[in-house]
Amino acid sequence: MSIRGLADELRSLLGEERVITDRQQLRTYECDGLAQYKVIPALVVLAESTEQIATVVRACAEAGVPFVARGSGTGLSGGALPHADGVLIVTSRMRRILEVDVASQRAVVEPGVINLHLTEAASPEGYYYAPDPSSQQVCSIGGNLAENSGGAHCLKYGFTVNHVTGAEWVTPTGEVVEIGGKAPDSPGYDLLGVLVGSEGTLGIATKVTVRVVRAPEAVKTLLAAFRHIEEAGAAVSSVIGAGVVPAAIEMMDALAIEAAEAAVQCNYPAGAAAVLIVELDGPSAEVDDQFDQVQRICEENNSFEIRVADDDTERAMFWKGRKSAFAAVGRISPDYIVQDGVVPRTMLPEVLHRISELSEDSGVRVANVFHAGDGNLHPLVLFNDAVEGQSDLAEEISGAILDLCIEYGGSITGEHGVGSDKAKFMPRMFTDDDLDTMQMVRCAFDPDTISNPGKIFPTPRLCGERPGRRQGAHPLAEAGLAEIF
Amino acid sequence: MGDAVLDQLRAATADHAHAAADSDAVDGVPARWVAAPADTDQTAAVMKVAATNDLAVVPRGAGTKLTWGNPPSRLDVLLDTGRLDRIVEHAAGDMIVIAEAGCRLDTLQASLRDASQRLALDPSGHGGIGGTIASAATGPSRLSYGAVRDLLIGLTMVRADGVVANSGGKVVKNVAGYDLAKLLTGSYGTLGIITRAVFRLHPLPAASSVVTIPASSPAEVHDLVQKLIHSQLTPAGVELDLPTPDDGTLGVLLEGTPNGVEGRTARTLELLGARATSSATPPPWWGREPFDNGDVALKITHEIGQLPSLLSAIDAASRATHQAVQVRGSVAVGTLLAGVHTDADLDIDAVARLVDALRHDAASYGGSVVVLDAPPAVKARLDVWGPVRGLEMMRSIKHQFDPQRRLAPGRFVGGI
Ligand SMILES: Cc1cc2nc3c(=O)[nH]c(=O)nc-3n(C[C@H](O)[C@H](O)[C@H](O)COP(=O)(O)OP(=O)(O)OC[C@H]3O[C@@H](n4cnc5c(N)ncnc54)[C@H](O)[C@@H]3O)c2cc1C
Ligand SMILES: Cc1cc2nc3c(=O)[nH]c(=O)nc-3n(C[C@H](O)[C@H](O)[C@H](O)COP(=O)(O)OP(=O)(O)OC[C@H]3O[C@@H](n4cnc5c(N)ncnc54)[C@H](O)[C@@H]3O)c2cc1C
């Protein structure tokens, strides 16, 4: 079926207003947060229910047309980059928080729900949703699930995958399946374990059940400034080595601080080559004990100024610089690449040194912002697209940083995902056999590769024959003695 | 063909293969050969021999839970991971450890203790890490540290066709590619042979204490659990022990700094009321299964807030079928274990009715009932896995990973 035929079919099934084919309107969806990749989708569906998503997916499957899910479009790896001949299924009209069940410490939400809105809904009961990407004011829970998003506080509380306990799922053939729920460990394979982080390639989440977490009794935050970045790195290692598990340890280098100052006047200590933000939370007495310990460690590592947030307003000031860092580099550079790589945290000082060498040798400036506690780097590679050759050079440095991450035993992405952007780097981290095995999962869910094709894997795998429906049925079920469903 | 296969298995394992003995049977199904590879490459070679000769393979760790699940529908090679027992790397500063599948959990913990670290899974005696992953073991520490799947950050496996595959890595934060480690967790040997795993570690707590309080009735237990989870005392574990319906104990583990634990112990005592007492060490039942080998062993999950419905359902089913049920588990997580002691006059029908009754009520507590283990006659009488959500997707996965059904065939859900 042609795309036009599909558009007509979807209009009649879902109603006029949910199907967009006007080119000008389609342009709104041409990219996600990674704006250097742009593709105008053939059509966009603004879905309002599970049934509608299933209908669209079924129609796509029948017509052999690819589809791409999109939440808020804040992804930084081109995961929601549309397919030129495909359907973009947008969840931004599915924003109902269906239930906050504090007695069971769970919430059930539609996929378009904004991350922060869930925390706001749970907070009157003293609860919150723990994974907190810096984009939490805009990104969706469905997008978080697909990217297995992290955030500053994931050091202690874990990533999205540690918080999702159930999902309603539309498979790439258009079937609606319930997986998991409010109770843990539903029998069988841990499907959620692979669906979370599958970047839209295994189907679409239409409802998500997540844990909500009791707010801690105490939160304490300090900001420590250092004259040398190595000292800040050493302080991070000592804190972790001392058996302290902070809620967050974030680091920014001089260039990132400069940008943040220009953008939001966060007023960090002057002359710092690096600042650390360390946040502890939990029971008051523990927080007090460990806070003293962290302060001591920062002093021992030559921090020249330590500030302690006395209240939420001051805490917010500390975080403001950090949370605005990506956008802030726009103040000191016309263009930039946000990189996302991971190294074992003890390798941080060495890797930072190697990055600064790369930067000096090439003349490309690199600002560093990162989740230091788990070794997740976000180098910001600065360039000016108007200057011939700079963009290519920046790409090259950005890629070289990923090679460094791999060289030190790390990963090419800690939280932003592979998407369109990093598929080409996957073979540097994984063997062909590794990738082939991952794609066996892809084949199990999506043998025709219509669910967000072209993402994650550099080369698709041929899926071979289809599984027989009745393969391996339980003998008792076969004999009608036991009920499987 | 027998001798030829043995020769191939020997060649694959540098001579560590032999004809199986009676004691190598898996849940009553005899094996023909035992092969004990020493590393991932040898494991791959064994799986290639199996592929060439279409042999069914069941992996064995320490063999403590080999009867769990259904008996294999066929079995040729018992793949013994006992020689895959090295701790490959302990990067204390990065708080990760890489160990081979046959490495025993107690050995691993002992070596981590030197660095004041631990793998935050409950001490499971001499079980191996491969078996712990493959059976998705769960215990009290899960409340604060997560389950096996949450601590597992990387994995090496050998596929049914002998291909070696890795996923994840050795950094705690990593979203590159699908997370096969999670898929293999709880897969009971049906998707691949785990040869190596990477775990994140936690510091040993400086201090700990346990507060216990007698509690037996569903309403009473529920009330205490709710108080605890909504408090800000961050218990590291909340366990119920209910050996008989009116002799229950709720235990609360507190971990942290000496000062902090002291204060929170006092506050927990206050929160729970006059009958609560504290001690420095957990009671003897803490973290132990409420069943012995040969008993009927159930795993029952529930929504935390629906605990009273579950406890009432267990009580009702137990009375109706005259089966004494011992219950123990992580009531603030939603995972309970239950045991029905079996003796000479095992009433198979009654056990089956008990399981049916619990499953019948599952909607009221939102969970599932799995028969982990039971005497063969009981397993033959009921569906040990019960209803499974997403079974078709699971079948598709199995079909991709093991189309010839050579890996632990028939042991898992839906006959997988
Ligand atoms: C300023 C800024 C700061 C950021 N900070 C962080 C951070 O701290 N940590 C972090 O992890 N990320 C961060 N991100 C990245 C991004 O916000 C996250 O990846 C987020 O989870 C994406 O959510 P979204 O709703 O925007 O998803 P989208 O960008 O719309 O989609 C992302 C992916 O999810 C898929 N998808 C969307 N909805 C569904 C669904 N319902 N079912 C299946 N697949 C679906 C899409 O196909 C795509 O592959 C940041 C981004 C920005 C712009
Ligand atoms: C719900 C639950 C709760 C538990 N609670 C506790 C507890 O509180 N305390 C406790 O001590 N133990 C507990 N356990 C048990 C724990 O899982 C086992 O003790 C132990 O870890 C199994 O190890 P093993 O080496 O003896 O495995 P085995 O008995 O050898 O094997 C167990 C299963 O894993 C498969 N397997 C083994 N090795 C591999 C491999 N390398 N690759 C693929 N598959 C493999 C086997 O085929 C078999 O199906 C619990 C388990 C479960 C499921």
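Residues numbered from 1 in each chain as written. Chains lettered and ligands numbered in written order. Predicted model: local features only at pLDDT ≥ 70, side-chain atom pairs only at ≥ 80, totals over all residues. Heavy atoms only, no water.

Here's the deal with the domain arrangement of chain B
Residues and elements named next belong to chain B. By the assigned domains, chain B splits into domain 1 (2-82), domain 2 (87-203), domain 3 (207-279) and domain 4 (296-381). Each partner contributes to the roughly 1200 Å² buried at the junction of domain 1 and domain 2, and carbon and sulfur atoms together form 70% of this total. Remark: the boundary between domain 1 and domain 2 carries 0 salt bridges. Applying the counting criterion to the domain 1 and domain 2 interface returns 1 residue pair in polar contact (both at pLDDT 80 or more). Where the side of domain 1 that touches domain 2 is concerned, the elements lending two or more residues are α2 (40-52) and β3 (57-60). The element best represented in the side of domain 1 that touches domain 2 is α2, accounting for 6 residues. (Domains from an automatic or database assignment. Buried area = accessible area lost by both parts, 1.4 Å probe. Salt bridge = Lys/Arg side-chain N within 4 Å of Asp/Glu carboxyl O. Polar contact = N/O pair within 3.5 Å; in protein donor to acceptor, adjacent residues only side chain to side chain. Helix = DSSP H or I, 4+ residues; strand = E, 2+ residues; numbered from the N terminus.)

Things to note about the packing of aromatic side chains
Applying the stated criterion to the full structure yields 8 aromatic pairs over all chains. Relative to Y178(B), the ring of F457(A) has its centre 5.1 Å away and its plane inclined at 75 degrees; by these criteria the two rings are edge-to-face. With F457(A) in the loop between α16 (432-445) and α17 (475-478) and Y178(B) in the loop between β9 (164-168) and α7 (180-184), the pair connects residues from two separate chains. Of the two residues examined, F457(A) and Y178(B), each falls in the buried class. Centroid distance Y188(B) to F412(B): 5.9 Å. Interplanar angle 35 degrees. Geometry classified as tilted. Here the residue Y188(B) occupies a position in the loop between α7 and β10 (193-200), and F412(B) occupies one in the segment after α14 (391-401), the gap between them amounting to 224 residues. The class for Y188(B) is buried, based on a relative accessible area of 14%. (Phe/Tyr/Trp six-rings, centres within 6.5 Å; stacked < 30°, edge-to-face > 60°. Buried < 20%, exposed > 50% of the residue type's maximum accessible area, 1.4 Å probe, protein only.)

Some thoughts on the state of the cysteines
Residues and elements named next belong to chain A. By the definition in use, this model includes 1 disulfide over all chains. Through a disulfide, C443 is tied to C463; the S-S separation comes to 2.1 Å. Since a negative S-S torsion denotes a left-handed disulfide, the C443-C463 link at about -80 degrees is left-handed. Placement of the pair is C443 in helix α16 and C463 in the loop between α16 and α17, with a sequence separation of 20 residues. An identical accessibility class is assigned to C443 and C463; each is buried. We note that C298 lacks a disulfide partner, and the nearest cysteine sulfur, in C266, lies 18 Å from it. (Disulfide = S-S within 2.5 Å.)

Focus: the side chain of E279(A)
All names here are of chain A. Topologically, E279 is positioned in strand β14 (residues 274-282). Buried and without a salt bridge, E279 has R315 as its closest oppositely charged side chain, separated by 4.6 Å. Within polar-contact distance, the side chain of E279 engages the side chain of W319 at 2.7 Å. The residues contacting E279, other than those within four sequence positions of it, are H153, V219, K220, T221, P246, A247, A248, R315 and W319. (Lys, Arg positive; Asp, Glu negative; His and termini not counted. Contact = heavy atoms within 4.5 Å.)

Observations concerning the site of ligand 1
Residues and elements named next belong to chain A. With respect to spatial proximity, 32 residues lie near ligand 1, and among them A69, G71, T74, S135 and S140 are the closest. For ligand 1, the accessible surface in isolation is 980 Å², of which the surrounding protein chains cover 93%. When residues of the shell around ligand 1 are traced back to their parent elements, those giving at least two are β3 (67-70), α5 (141-147) and β10 (204-211). Split by residue class, the shell around ligand 1 holds 10 nonpolar, 18 polar and 4 charged. Domain assignment of the residues forming the shell around ligand 1 places at least three in each of domain 1 (3-90) and domain 2 (97-214). (Near = heavy atom within 4 Å. Areas by Shrake-Rupley, 256 points an atom, 1.4 Å probe, with all protein chains shown as cover. Nonpolar A, V, L, I, M, F, W, Y, C, P; charged D, E, K, R; others polar.)

Quick look at the interface of chain B and chain A
Taken together, the contact pairs 90 residues of chain B with 98 residues of chain A. Across the interface of chain B and chain A, roughly 7500 Å² is buried in total on both sides, 57% from carbon and sulfur atoms. Considering only the surface of chain B that becomes buried against chain A, K173(B), V175(B) and Y178(B) emerge as the three largest contributors, covering 13% of it. A salt bridge links E286(A) to R264(B); the shortest N-O distance between them is 2.6 Å.

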